Amino acid sequence: MEFSIRPVQITDAPGINLLRRLPGVMENTLGIPSERVTRNEDGLRHLDGNAHQFVAVFTATTGEE
């Protein structure tokens with residue numbers, strides 16, 4: 001299993017949306033169950049040059065899950 005850390009991209013919006021709606025996360029991030037992916041996309045589009053947002057990416061190698 002491999003992990004990498006990289007700057008957030010607009011294509012990360014669906015995964016961020018999924019995480020924000022998880023029980024235990026939603027209550028602590030002011031997320032709501034009906035939150036749309038477009039809300040996350042809009043948030044990422046409006047990050048300015050001083051925003052340093054990163055994501056951790058997991059890559060499974062053969063035979064791992």
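This section reports on the structure supplied with the text. Small disclaimer: the values here were computed from a predicted structure and weren't measured.

## Digging into the pattern of salt bridges
Applying the stated rule across the entire model yields 4 salt bridges. When the shortest N-O distance is used, the salt bridge between Arg 6 and Asp 12 registers 2.7 Å. With a closest N to O distance of 3.4 Å, Asp 42 and Arg 45 form a salt bridge. Note that Asp 42 and Arg 45 are positioned in helix H3 (residues 37–45) at a spacing of 3 residues, about one turn of the helix. Owing to a relative accessible area of 37%, Asp 42 belongs among the partly exposed residues under this scheme. Three or more residues joined by partner-sharing salt bridges are found here, namely Arg 20, Glu 35 and Arg 39.

## Some details on a nonpolar patch on the surface
There is a patch of nonpolar side chains on the surface, built from Met 1, Phe 3 and Phe 58 and spanning about 350 Å² of accessible area. Its relative accessible area of 54% is what places Met 1 among the exposed residues.

## Brief notes about the packing of helix H1 (residues 13–20) against H3
The interhelical angle for the contact between H1 and H3, taken along N-to-C directions, is 120°, at an axis separation of 8 Å. Taken together, H1 and H3 sit at an angle that is classed as oblique. At the point where H1 passes H3, the crossing takes the right-handed sense. The residues of H3 that touch H1, namely those facing Ala 13, Pro 14, Ile 16, Asn 17 and Arg 20, are Val 37, Arg 39, Asn 40, Glu 41 and Leu 44.

## What about the side chain of Arg 20?
With respect to the secondary-structure elements, Arg 20 resides in helix H1. A polar atom in the side chain of Arg 20 sits 2.9 Å from the side chain of Glu 35. If we skip the residues at most four places from it in the chain, Arg 20 touches Val 25, Met 26, Thr 29, Leu 30, Gly 31, Glu 35, Arg 39 and Asn 40.

What counts as what
Residues numbered from 1 in each chain as written. Predicted model: local features only at pLDDT ≥ 70, side-chain atom pairs only at ≥ 80, totals over all residues. Heavy atoms only, no water. Salt bridge = Lys/Arg side-chain N within 4 Å of Asp/Glu carboxyl O. Helix = DSSP H or I, 4+ residues; strand = E, 2+ residues; numbered from the N terminus. Buried < 20%, exposed > 50% of the residue type's maximum accessible area, 1.4 Å probe, protein only. Patch = residues over 30% accessible without salt bridge, like charges linked within 9 Å, V, L, I, M, F, W, Y side chains within 5 Å. Areas by Shrake-Rupley, 256 points an atom, 1.4 Å probe, with all protein chains shown as cover. Axes fitted to C-alpha atoms, helices over the stretch in contact; angles between N-to-C directions. Parallel < 35°, antiparallel > 145°, perpendicular 65-115°, else oblique. Left-handed = near helix turned anticlockwise from the far one by under 90°. Contact = heavy atoms within 4.5 Å. Polar contact = N/O pair within 3.5 Å; in protein donor to acceptor, adjacent residues only side chain to side chain.

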